[in-house]
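The primary structure of each chain is shown beneath.
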Amino acid sequence: MLLLFVCLILGTLVARFAKPPAGIVSGINWWVLNVALPALVLELIPKVKFDPQLWFPVAAMWLTFGGAWLLFGLLGPRLGWSRQRTGALILVCGLGNTAYMGYPMVQALHGKAGLALAVVADQIGAFPVLASAGIVVASLYSGRTPQLGPIVRRIVTFPAFVALAAGIVAGLCGGWPVVLEGVFAPIGATLTPLALFSVGLQFKFHPGQRQLGAAAWGLGWKLLLAPLACWAMGKAAGVGGLVLTVGVLQAAMAPMVSAAILADEYELEPALANTVLGAGIVLSLLTVPLGNLLLGA
């Protein structure tokens, strides 16, 4: 947990005082998404033992997004929100930071066993939600028409998704040779410090008076109601142990950085999206460990 705080604060301080070179964020994010994350997936996925309860971390990601879409889709018109504001909240509060913050936080709380389940929730759950339903919501609320071809192409060509398929095959064949594991592990280990450092570099929190109410609704769903709904779903279905805990914790993560970028790209009130993102990151550093304690982990 100390590593999380140090890397996040270091990134914030560097952005504020050190004048980092232009393009540093995009460069770090490229390494994390295209090299470190696939390496981590290749290391961990072959070691995941099949468990009939593994549907739960994936379903929790869909419930979090679907619940946000239902809640804010109904609430927005009643509170006089614009379609841009409603779409922004659905995106940033329906999609969690299950990789950049989810991986290191779950690993800090539950070690490698928890991290492997966090990868399942992220790669089979959160990322396909972002690349499919997230694009659909962004298109609908910005007045554009979603296109199926680019959505499918985005999913199947994403490096970590390709690594996921390769890792599943490797697991079915008995795992990687030891020499390859010695390559994947140290490369994948760069994800935690660089991802949190990147989040710190991008940290922004400049709430306007008219954003506070919408931000409170959004974070109330993302950090409290969504994990509660996922916990209730898991309990009702008889899910327990580490699978239940990690699924709920991933649902409780701060809003996704990529969701805020998507909101900006589709002009869905970017200022509100960044406010919710920044506040969610700070609050989740407290709410996720607290939720872990309440789960009895």
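Just so we're clear, the structure is a prediction, and the values are computed from it rather than from any experiment. (Residues numbered from 1 in each chain as written. Predicted model: local features only at pLDDT ≥ 70, side-chain atom pairs only at ≥ 80, totals over all residues. Heavy atoms only, no water.)

Comments concerning the overall build of the protein
Here's step 1: Looking only at helices and strands, the protein has 13 helices and 0 strands in total.
Here's step 2: Ordered by position from the N terminus, the helices and strands of the protein form the series α-α-α-α-α-α-α-α-α-α-α-α-α.
Here's step 3: Looking at the protein as a whole, 50% of its 297 residues are labelled buried.
Here's step 4: Of the contacts made within the protein by residues no fewer than 6 positions apart, 86% connect residues no fewer than 24 positions apart.
Here's step 5: On the protein, roughly 13,100 Å² of surface is accessible, and the fraction owed to carbon and sulfur atoms is 70%.
Here's step 6: Taken as two groups, the 15 positive and 8 negative side-chain charges of the protein have centres that lie 7 Å from each other. (Helix = DSSP H or I, 4+ residues; strand = E, 2+ residues; numbered from the N terminus. Buried < 20%, exposed > 50% of the residue type's maximum accessible area, 1.4 Å probe, protein only. Contact = heavy atoms within 4.5 Å. Areas by Shrake-Rupley, 256 points an atom, 1.4 Å probe, with all protein chains shown as cover. Lys, Arg positive; Asp, Glu negative; His and termini not counted. Charge placed at Lys NZ, Arg CZ, Asp CG, Glu CD.)

Thoughts on helix α11 (residues 241-251)
Here's step 1: Of all 11 residues in α11, 9 are buried, a share of seventy percent or more.
Here's step 2: Inspection of α11 places Val243, Leu244, Thr245, Val246, Gly247, Val248, Leu249, Gln250 and Ala251 among the buried residues, and these make up the whole buried set.
Here's step 3: Against α3 (55-78), α5 (102-142), α10 (212-236) and α13 (270-294) lie the buried residues of α11.

Re the packing of aromatic side chains
Here's step 1: One pass over the full model with this rule turns up 5 aromatic pairs.
Here's step 2: Aromatic pair tryptophan 55 and phenylalanine 56: ring centres 5.9 Å apart, planes at 90 degrees, arrangement edge-to-face.
Here's step 3: Judged by relative accessible area, which is 37%, tryptophan 55 ranks as partly exposed.
Here's step 4: Seen from their ring centres, phenylalanine 65 and tryptophan 69 are 6.1 Å apart, and the 75 degrees between their planes marks the pair as edge-to-face. With phenylalanine 65 and tryptophan 69 both in helix α3, this residue pair falls 4 residues apart, about one helical turn.
Here's step 5: Residue classification places phenylalanine 65 among the buried positions, given a relative accessible area of 2%.
Here's step 6: Residue tryptophan 69 is classed as partly exposed on the basis of its relative accessible area, which comes to 30%. (Phe/Tyr/Trp six-rings, centres within 6.5 Å; stacked < 30°, edge-to-face > 60°.)

What about the UniProt feature "transmembrane region" (unreviewed entry) in the protein?
Here's step 1: Sites flagged by UniProt as "transmembrane region" (unreviewed entry) map to residues 54-75, 87-106, 126-143, 155-177, 183-203, 240-263 and 275-295.
Here's step 2: Between the end C-alpha atoms of residues 240-263 the distance is 35 Å, and the span holds 75% helix and 0% strand.
Here's step 3: Split by type, residues 275-295 is 95% helix and 0% strand. Its first and last C-alpha atoms lie 29 Å apart. (UniProt positions renumbered as here; feature names shortened; annotations may be inferred.)

Observations regarding the packing of α3 against helix α4 (residues 83-94)
Here's step 1: Taken N-terminus to C-terminus, the directions of α3 and α4 make an angle of 160 degrees; their axes are 8 Å apart at the nearest point. One finds that α3 runs roughly antiparallel with respect to α4. Relative to α4, α3 is oriented so that their crossing is right-handed. Between α3, through Met61, Thr64, Phe65, Ala68, Trp69, Phe72, Gly73 and Gly76, and α4, the contact on the second element is made entirely by Thr86, Leu89, Ile90, Leu91, Cys93 and Gly94.
Here's step 2: Residue composition of the contact of α3 with α4, by class: 9 nonpolar, 5 polar and no charged. (Axes fitted to C-alpha atoms, helices over the stretch in contact; angles between N-to-C directions. Parallel < 35°, antiparallel > 145°, perpendicular 65-115°, else oblique. Left-handed = near helix turned anticlockwise from the far one by under 90°. Nonpolar A, V, L, I, M, F, W, Y, C, P; charged D, E, K, R; others polar.)

Thoughts on the nonpolar core
Here's step 1: Core analysis: the largest hydrophobic core is formed by 99 residues, its most contacted members being Phe72, Leu91 and Tyr103.
Here's step 2: When residues in this core are grouped by element, the largest group, 20 residues, is from α5.
Here's step 3: Beyond its immediate chain neighbours, meaning those up to four positions away, phenylalanine 72 contacts Pro77, Trp81, Thr86, Leu89, Ile90, Cys93, Trp217, Gly218 and Trp221. (Core = buried A, V, L, I, M, F, W, Y, C linked by side-chain atoms within 4.5 Å.)

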